[in-house]
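# Examining the three-dimensional arrangement
Listed below are the residues making up each chain.
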Amino acid sequence: MDVKRVKDYLYWLYYQYQLVTCSYVLEPWEQSMFHTITVTVVAMVVYTAYVFVPIHVRLALEFFSQIFGAQPESAV
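Residues numbered from 1 in each chain as written. Predicted model: local features only at pLDDT ≥ 70, side-chain atom pairs only at ≥ 80, totals over all residues. Heavy atoms only, no water.

This next bit is on the overall build of the chain. Within the chain one finds 2 helices and 0 strands. The burial tally for the chain puts 5% of its 76 residues in the buried class. Carbon together with sulfur atoms contributes 72% to the accessible area of the chain, which is approximately 7000 Å² in total. (Helix = DSSP H or I, 4+ residues; strand = E, 2+ residues; numbered from the N terminus. Buried < 20%, exposed > 50% of the residue type's maximum accessible area, 1.4 Å probe, protein only. Areas by Shrake-Rupley, 256 points an atom, 1.4 Å probe, with all protein chains shown as cover.)

Negative phi characterises most residues that are not glycine, and trans characterises most peptide bonds. For Cys-22, which is not glycine, the phi torsion reads 60° and is therefore positive. What makes Cys-22 partly exposed here is its relative accessible area of 41%.

Taking 1.5 Å as the rise per residue, helix H1 (residues 3–21) with 19 residues should run 27 Å; its terminal C-alpha atoms sit 27 Å apart, in good agreement. Where H1 ends, the next residue or the one after it, Cys-22, has phi of about 60°, a positive value. (Expected span 1.5 Å × (residues − 1).)

Let us now look at the UniProt feature "transmembrane region" (unreviewed entry) in the chain. Mapped onto this numbering, the UniProt entry gives "transmembrane region" (unreviewed entry) at residues 32–53. What you have in residues 32–53 is 100% helix and 0% strand, and the ends, taken at the C-alpha atoms, are 31 Å apart. (UniProt positions renumbered as here; feature names shortened; annotations may be inferred.)

Evaluation of the coordinates by the stated rule reveals 2 salt bridges. In this structure, the salt-bridge partner of Asp-8 is Lys-4, at a minimum N-O distance of 3.3 Å. Taken as a pair, Asp-8 and Lys-4 lie in helix H1 at a separation of 4 residues, close to a single helical turn. Lys-4 gets classed as exposed once you look at its relative accessible area, which sits at 54%. With a closest N to O distance of 3.0 Å, Arg-58 and Glu-62 form a salt bridge. With Arg-58 and Glu-62 both in helix H2 (residues 28–67) and 4 residues apart, this pair spans about one turn of that helix. Classification of Arg-58 by relative accessible area gives partly exposed; the value is 44%. By relative accessible area, which is 38% here, Glu-62 ends up partly exposed. (Salt bridge = Lys/Arg side-chain N within 4 Å of Asp/Glu carboxyl O.)

This is the structure in structure tokens:
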């Protein structure tokens, strides 16, 4: 893949991000604070999903398997 096309595409994505968040109207120090907070929040959401979603999926599967008549593992 052409490096220039990838670079242009990433620049376009960043431009779209700035347009959606209206961060292009901020001063440079405000932009850095805004981006830092945004990255921190996204990182916390991803970490929380990585840690807690599998647990909740497993518990939901156990719950629904008990409702729909599957025998518990200890009864086998």
